[in-house]
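# Observations on the three-dimensional arrangement
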Number of protein chains: 2
Amino acid sequence: MPPSGRPRADARANRLRLLTEADAVFREQGTGASLEAIAKRAGVAIGTLYGHFPTRRALLSALMTERNEAVFAAGDALSAEPPDRALRTWIQLTVTHAATYSGLAALLADGTDDASSELHASCVRMTEIGDTLLRRAIDAGTIHPTTTSADLNTLTTACALAREHTTAEQADRLVAITFTGLLVRTSQ
Amino acid sequence: MPPSGRPRADARANRLRLLTEADAVFREQGTGASLEAIAKRAGVAIGTLYGHFPTRRALLSALMTERNEAVFAAGDALSAEPPDRALRTWIQLTVTHAATYSGLAALLADGTDDASSELHASCVRMTEIGDTLLRRAIDAGTIHPTTTSADLNTLTTACALAREHTTAEQADRLVAITFTGLLVRTSQ
DNA sequence: ACCTGAACACCGTTCAAGT
DNA sequence: ACCTGAACACCGTTCAAGT
């Protein structure tokens, strides 16, 4: 059972500094970075980090919270766009999101199926939004009707994973190629 | 300078058993598996493993040698096939190859650009074969002419990486989608 | 209620001693 | 020439003691 009432002021400050430094370190070194290093940069002992975030994934999850909300909101807003443009923008959005830190895409990919992962809920939410946009695009007749929600997830995961091994430009080209592969082939 | 003449019989036997067990362990646990475990299963001390294979990549490289030759030969043989079918088969082949062990695709992706990697030479060779098949398919008019050799590498890497996070069926669907994205869009 | 940091566990890598 | 395995280094994680 979590402690009730407001947390102590120093605890709040420590939590905030841990998140700030974790973001910086994960950006530089990926999600596998040393937790010791993060604690040291935040000016706290390693035990304090574990006190706030019992697992690496819990830390990552806390770090992604704000960003998640932004992506969810953007996804919902895409309902106003033309179906195929909306889907394409969504793919670009989620790929970039999953590539925030090197190593994150793999955790998100596994988080979709692993209900015990702290990242599971946000993965499910993303899948739902993607599914809505996908169905709309299929109904509009621009996306191949056999495309599944799982395809969309796999495709996003693949592009995000690949992004860790090439330039952003090359990764964008892959997104473009893959999206083209989803389109219904009409006489041009 | 390497030792001249034939290696000692026991050394040869150890090397062979190390390769056999490494293959089994990497298949089960991926390329990050414990080298201690491999040595133990092969019935030798950890120092013996390091004596034969100074780095994890050297061990992987030795492990891939035979398989590499098979893939190169298959790639060369594809010159006899219709250009687009040949390219598609090549993509499937290389994706499967890069997904032999979980974690291998990432090493191969980095090995292409890292000349100091023991896996570099085979990566370059694969790129060459892919490039030949790609140009032929472009010349035949079935593949979009702006497609580059780098696109092919990124695409293969992406599919192989994704394969570690889904079923083989789902991964095959991704290959199909991506390949469709390469095709010149004609009136069907 | 929260923080500290020593202690423990685990694993990769090296190298002096042995055969 | 090759093998052994103890020794070292490094890092993730826990938890008793402190404030």
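Residues numbered from 1 in each chain as written. Chains lettered and ligands numbered in written order. Predicted model: local features only at pLDDT ≥ 70, side-chain atom pairs only at ≥ 80, totals over all residues. Heavy atoms only, no water.

If you check the shell around DNA strand C, you find 17 residues, and the closest are Arg8(A), Asn14(A), Ala45(A), Thr48(A) and Tyr50(B). Counting only atoms of DNA strand C within 4 Å of the protein, the fraction found in sugar and phosphate groups is 69%. A distance of 2.9 Å is found between a phosphate oxygen of DNA strand C and a backbone nitrogen or oxygen belonging to Ala45(A). If you list the elements that add at least two residues to the surface near DNA strand C, you get α1 (9-29) and α3 (46-52) of chain A together with α3 (46-52) of chain B. When residues in the surface near DNA strand C are grouped by element, the largest group, four residues, is from α3(A). For the surface near DNA strand C, the per-class residue count stands at nine nonpolar, six polar and two charged. (Near = heavy atom within 4 Å. Polar contact = N/O pair within 3.5 Å; in protein donor to acceptor, adjacent residues only side chain to side chain. Helix = DSSP H or I, 4+ residues; strand = E, 2+ residues; numbered from the N terminus. Nonpolar A, V, L, I, M, F, W, Y, C, P; charged D, E, K, R; others polar.)

As a further point, take the relation of the copies chain A and chain B. Superposing chain A onto chain B takes a rotation of 180° plus a shift of 0.0 Å along the axis, which leaves an RMSD of 0.0 Å. On the angle and the small slide along the axis, the relation comes out as a two-fold axis. Taken together, the interface assignments show that 100% of the residues at the interface of chain A recur at the interface of chain B, consistent with an identical surface on both copies. (Least-squares fit on C-alpha atoms with pLDDT ≥ 70 in both. Contact = heavy atoms within 4.5 Å.)

Following the UniProt record, the feature "DNA-binding region" (unreviewed entry) maps to residues 34-53 of chain A here. In the segment residues 34-53 of chain A, helix accounts for 75% and strand for 0%; the C-alpha atoms at its two ends are 14 Å apart. (UniProt positions renumbered as here; feature names shortened; annotations may be inferred.)

This part is about the environment of Ile38(A). Residues and elements named next belong to chain A. Tracing the chain through its elements places isoleucine 38 in helix α2 (residues 35-42). Given a relative accessible area of 0%, isoleucine 38 falls into the buried group. Each C-alpha atom of the pair isoleucine 38 and arginine 17 lies 9.5 Å from the other, and the pair is 21 residues apart in sequence. Residues in contact with isoleucine 38, not counting those within four places in the same chain, are Leu18, Glu21, Ala22, Val25, Phe26, Leu49 and Leu59. (Buried < 20%, exposed > 50% of the residue type's maximum accessible area, 1.4 Å probe, protein only.)

The next subject is the interface of chain A and chain B. In this assembly, 29 residues from chain A lie in contact with 29 residues from chain B. The contact between chain A and chain B buries some 2500 Å² in all, and 58% of this surface belongs to carbon and sulfur atoms. On the chain A side of the interface with chain B, the three residues burying the most area are His165(A), Ile177(A) and Arg185(A), jointly 29% of the side's total. Taken together, the connections running from chain A to chain B amount to two salt bridges. (Buried area = accessible area lost by both parts, 1.4 Å probe. Salt bridge = Lys/Arg side-chain N within 4 Å of Asp/Glu carboxyl O.)

The subject of this paragraph is the domain arrangement of chain A. Residue and element names in this part refer to chain A. One can read the domain layout of chain A as domain 1 (1-54) and domain 2 (57-182). Taken over C-alpha atoms, the centre of domain 1 sits 28 Å from the centre of domain 2. Domain 1 puts twelve residues into the contact, and the matching count from domain 2 is twelve residues. Across the interface of domain 1 and domain 2, roughly 940 Å² is buried in total on both sides, 76% from carbon and sulfur atoms. Summed over the shared surface of domain 1 and domain 2, the result is one salt bridge. Residue aspartate 23 is joined to arginine 67 by a salt bridge in which the shortest nitrogen-to-oxygen separation is 3.9 Å. Joining domain 1 to domain 2, the criterion identifies two residue pairs in polar contact (both at pLDDT 80 or more). The set of elements that each furnish at least two residues to the side of domain 1 that touches domain 2 consists of α1 and α2. Ranked by residues supplied to the side of domain 1 that touches domain 2, first place goes to α1 with six residues. The residue inventory of the side of domain 1 that touches domain 2, partitioned by class, reads seven nonpolar, two polar and three charged. (Domains from an automatic or database assignment.)

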